[in-house]
Amino acid sequence: MNNHTTSGFCSQGHLLPDEVQLVEIEEEIGRAERRLAMGERLTTHLEQEVDAELGPRGEQAGGGSTNWICRRCGTRLRKMFRRNGHYRRRIVTMVGPVLVRVPLIRCKCGGYVTTPWKMLPPRSRFWYDVTLHGERQYLSGPSYRKSADLLSDRTGTQISHMVGWRETQKAGAAARAIKSQLPCPEVVILDEMYVWVKGAKKPVLLAMDLLGHILDSEGPTSRSAHSWRRLLERLTERGVDPDHGLKYVVADGDSSIRQAVEWVWGSAQMQHCVWHIMAAVRAEAKKVFGETSLLVKEVMDDVRAVLMHRTRTEETVARAAERMAAFTKKYAGQPWVELVARSFTEATRYLRSPNLPCTNGIAERVIKELRRRIKTMDGFKSHMGAMNLLAVLIQWHNWWRDNHSASRRRYTAA
């Protein structure tokens with residue numbers, strides 16, 4: 001038993017020793033039966049692959065070529081191949097190590113045939129269910145080492161934590177290669193999260209829809225306008241642009257985002273995140289009045305009255321403009337007045353659209369979830385490793401959103 005797993009654990013006083021021993025015997029008998037059945041199923045699948053290529057046993061193979069190739073003469077002709085017994089291969093599955101009788105195929109020249117089996121991974125100790133279970137288990141929360149210990153306990157054989165890392169990297173490389181067309185949303189939310197790569201803090205740029213699905217990502221990279229532009233251009237290639245229905249972009253007011261949106265999505269309108277404006281006003285008010293001054297709360301109440309509204313009507317738009325004028329008059333000369341006035345039009349754009357959020361809180365919640373998953377790692381040792389893992393995490397996040405609808409937090413306009 002691994003020292004860090006719960007295999008064999010039984011709370012004292014819950015079951016008698018004889019009862020525990022009987023349960024463990026029954027579990028081992030069940031595992032042995034499942035291992036035997038698994039080996040037989042894999043052998044049957046391999047025999048079916050041979051029948052599909054060479055025809056049923058006892059019948060002569062027809063003409064044509066196959067994907068198989070003779071190691072000696074290099075031929076691919078089906079009529080040159082014939083069955084030549086089996087050899088045993090031991091492979092680890094989720095029910096434990098099983099023995100599979102692998103068919104041997106020989107050419108008439110005397111050489112053996114290389115067969116790319118669909119049911120057996122080439123040159124691997126583990127079957128597909130082990131790698132899939134390891135990937136799912138890691139994404140659920142534990143570290144690589146904890147995941148490896150749990151997987152070792154489940155399969156009955158020692159598995160290194162590097163196996164999970166390598167398989168996740170392979171999955172990430174395959175995920176990054178998928179650039180299919182996307183349904184174009186009306187609103188795209190842009191934000192960034194930070195990860196540690198080679199001891200340096202690097203941003204990862206993210207684009208999401210209102211349901212919290214991550215449409216695409218860029219990085220780890222920089223927060224420059226050119227980095228954002230690469231992300232938006234890739235989204236445009238995948239069908240997300242104003243020509244296909246995109247109307248609004250929600251962001252935190254970063255000048256790099258604004259510049260990239262103007263370059264790529266010129267007709268899309270910006271919604272400045274109200275929460276970020278209020279945070280900036282709070283910081284300026286604290287500089288003027290002090291950290292604990294009640295005047296800071298008064299300023300924040302006034303800013304909230306200008307920017308935050310429950311209803312979305314023409315009367316609300318007019319009321320917001322009146323409050324903005326009163327706010328400007330009341331705090332004339334203060335640094336936060338220009339800050340609010342400069343952002344007022346973009347910050348209140350949500351009042352004219354029923355589906356437009358006033359903050360990028362959806363993105364903040366998604367980033368919080370991704371950071372919770374990444375924090376089990378002590379940073380990334382390479383840029384490519386970070387990109388691959390993030391690609392898998394993004395796929396997992398989108399899958400979770402699609403398959404746990406009861407747990408999703410949907411945005412509903414007031």
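What counts and what doesn't
Residues numbered from 1 in each chain as written. Predicted model: local features only at pLDDT ≥ 70, side-chain atom pairs only at ≥ 80, totals over all residues. Heavy atoms only, no water. Helix = DSSP H or I, 4+ residues; strand = E, 2+ residues; numbered from the N terminus. Rg over C-alpha atoms; globule rule 2.2 N^0.38 Å. Buried < 20%, exposed > 50% of the residue type's maximum accessible area, 1.4 Å probe, protein only. Phe/Tyr/Trp six-rings, centres within 6.5 Å; stacked < 30°, edge-to-face > 60°. Polar contact = N/O pair within 3.5 Å; in protein donor to acceptor, adjacent residues only side chain to side chain. Core = buried A, V, L, I, M, F, W, Y, C linked by side-chain atoms within 4.5 Å. Salt bridge = Lys/Arg side-chain N within 4 Å of Asp/Glu carboxyl O. Pairing = 2+ DSSP bridges. pLDDT = per-residue confidence, 0-100. Contact = heavy atoms within 4.5 Å. Expected span 1.5 Å × (residues − 1). Axes fitted to C-alpha atoms, helices over the stretch in contact; angles between N-to-C directions. Parallel < 35°, antiparallel > 145°, perpendicular 65-115°, else oblique. Left-handed = near helix turned anticlockwise from the far one by under 90°. Nonpolar A, V, L, I, M, F, W, Y, C, P; charged D, E, K, R; others polar.

Participant: Would you mind going over the overall build of the protein chain with me for this structure?
Facilitator: Along the backbone of the protein chain there are 12 helices and nine strands. Relative to the 2.2 N^0.38 estimate, which gives 22 Å for 414 residues, the radius of gyration of the protein chain is 30 Å and therefore markedly larger than a compact globule would have. With the principal axes as the frame, the protein chain shows a C-alpha extent of 95 × 65 × 40 Å. A total of 414 residues make up the protein chain; the buried ones form 43% of that total.

Participant: Can you help me understand unusual backbone geometry in this one?
Facilitator: Peptide bonds are trans in most cases, and residues, glycine excluded, mostly fall at negative phi. Residue Pro220 is reached from Gly219 by a cis peptide bond, and omega for that bond is 10°. With respect to the helices, strands and loops of the structure, Pro220 is situated in the loop between strand E7 (214–218) and helix H5 (225–237). Here the phi dihedral of Arg123 falls at roughly 50°; this positive angle occurs in a residue that is not glycine. Residue position: Arg123 is located in the loop between strand E4 (113–114) and helix H2 (128–139).

Participant: Sorry, what's going on with the packing of aromatic side chains here?
Facilitator: Per the stated rule, a full pass over the model turns up five aromatic pairs. Each ring, one from Trp127 and one from Tyr128, has its centre 5.9 Å from the other, and the planes form 55°; the classification is tilted. For Trp127, a relative accessible area of 15% translates into the label buried. Here Tyr128 falls in the partly exposed class, since its relative accessible area comes to 36%. Between Tyr331 and Trp336, the ring centres sit 5.8 Å apart and the planes meet at 65°, which makes this aromatic pair edge-to-face.

Participant: Got a minute to help me understand the environment of His309 in this structure?
Facilitator: Mapped onto the elements of the fold, His309 is located in the loop between helix H8 (294–307) and helix H9 (314–330). Classification of His309 by relative accessible area gives buried; the value is 12%. For His309 and Gly62, which are 247 residues apart along the polypeptide, the C-alpha to C-alpha distance reads 76 Å. At 2.8 Å, the side chain of His309 and the backbone oxygen of Val306 are in polar contact.

Participant: I would appreciate a short explanation of the nonpolar core in the present structure.
Facilitator: Looking at soluble globular proteins, one finds that nonpolar side chains tend to be buried together. In terms of nonpolar packing, the biggest core is built from 56 residues, with Leu206, Val281, Leu307 and Phe327 touching the most fellow members. A total of seven residues in this core trace back to one element, the largest contributor, which is helix H12 (residues 383–403). Counting 20 residues, the second largest nonpolar core, distinct from the first, contains Leu182, Leu205, Ala251 and Ala268.

Participant: How do you make sense of the pattern of salt bridges when you look at a structure like this?
Facilitator: When charged atoms on two side chains of opposite charge get close, those side chains can pair. For the structure shown, the criterion picks out 23 salt bridges. Linking Asp301 and Arg304 is a salt bridge whose minimum nitrogen-to-oxygen distance equals 3.2 Å. With Asp301 and Arg304 both in helix H8, this residue pair falls three residues apart, about one helical turn. A single network of salt bridges, built from pairs that share partners, joins Lys179, Asp216, Glu218, Arg230, Arg234 and Arg238.

Participant: How do you make sense of the pairing of E7 when you look at a structure like this?
Facilitator: For a regular strand, side chains alternate in direction, first toward one face of the sheet and then toward the other. With respect to burial, E7 is a largely interior element, five of its five residues being buried. Bridge count between strand E6 (residues 200–208) and E7: four bridges; the pairing is antiparallel. If you follow Met208 over to E7, its bridge partner there is Ile214. Linkage of E6 to E7, two consecutive antiparallel strands, is achieved through a turn of five residues, within which Gly212 is found at a positive phi near 85°.

Participant: Explanation requested: the confidence of the model for the protein chain in the structure shown.
Facilitator: Residues shown with low pLDDT carry predicted positions that ought not to be read at fine detail. Of the residues in the protein chain, 95% reach a pLDDT of 70 or more, and the chain-wide mean stands at 87. Confidence drops under a pLDDT of 50 for residues 406–414, and excluding neighbours within four residues, the segment shows 18 contacts in the predicted structure.

Participant: Where do I start with helix H1 (residues 17–54) in this structure?
Facilitator: Within an α-helix, residues lying three or four positions from one another point in the same direction, as the helix has 3.6 residues per turn. With 38 residues, H1 should cover 56 Å at 1.5 Å per step; its first-to-last C-alpha distance of 56 Å lies within 8% of that length. Those residues of H1 that fall on the buried side of the exposure criterion are Val20, Gly30, Arg31, Met38, Gly39, Leu42, Thr43, Leu46, Glu47, Glu49, Val50 and Leu54. Where H1 is buried, its residues meet strand E2 (81–93), strand E3 (96–107) and helix H3 (144–155). In the stretch just after H1, Gly55 is the one whose phi turns positive, near 90°.

Participant: I would appreciate a short explanation of the packing of helix H7 (residues 274–289) against H8 in the present structure.
Facilitator: A pair of packed helices can be characterised by two numbers: the angle between their axes and the separation between those axes. Between H7 and H8, whose axes approach to 9 Å, the crossing angle comes to 155°. By the criterion of interaxial angle, the relationship of H7 to H8 is roughly antiparallel. Considering only the axes of H7 and H8, their crossing is right-handed. Counted together, Val274, Ile277, Met278, Val281, Arg282, Ala285, Lys286 and Phe289 of H7 and Leu295, Val296, Val299, Met300, Val303, Arg304 and Leu307 of H8 form the full contact between these two elements. When the residues that make up the contact of H7 with H8 are grouped by side-chain class, the tally is 12 nonpolar, no polar and three charged.

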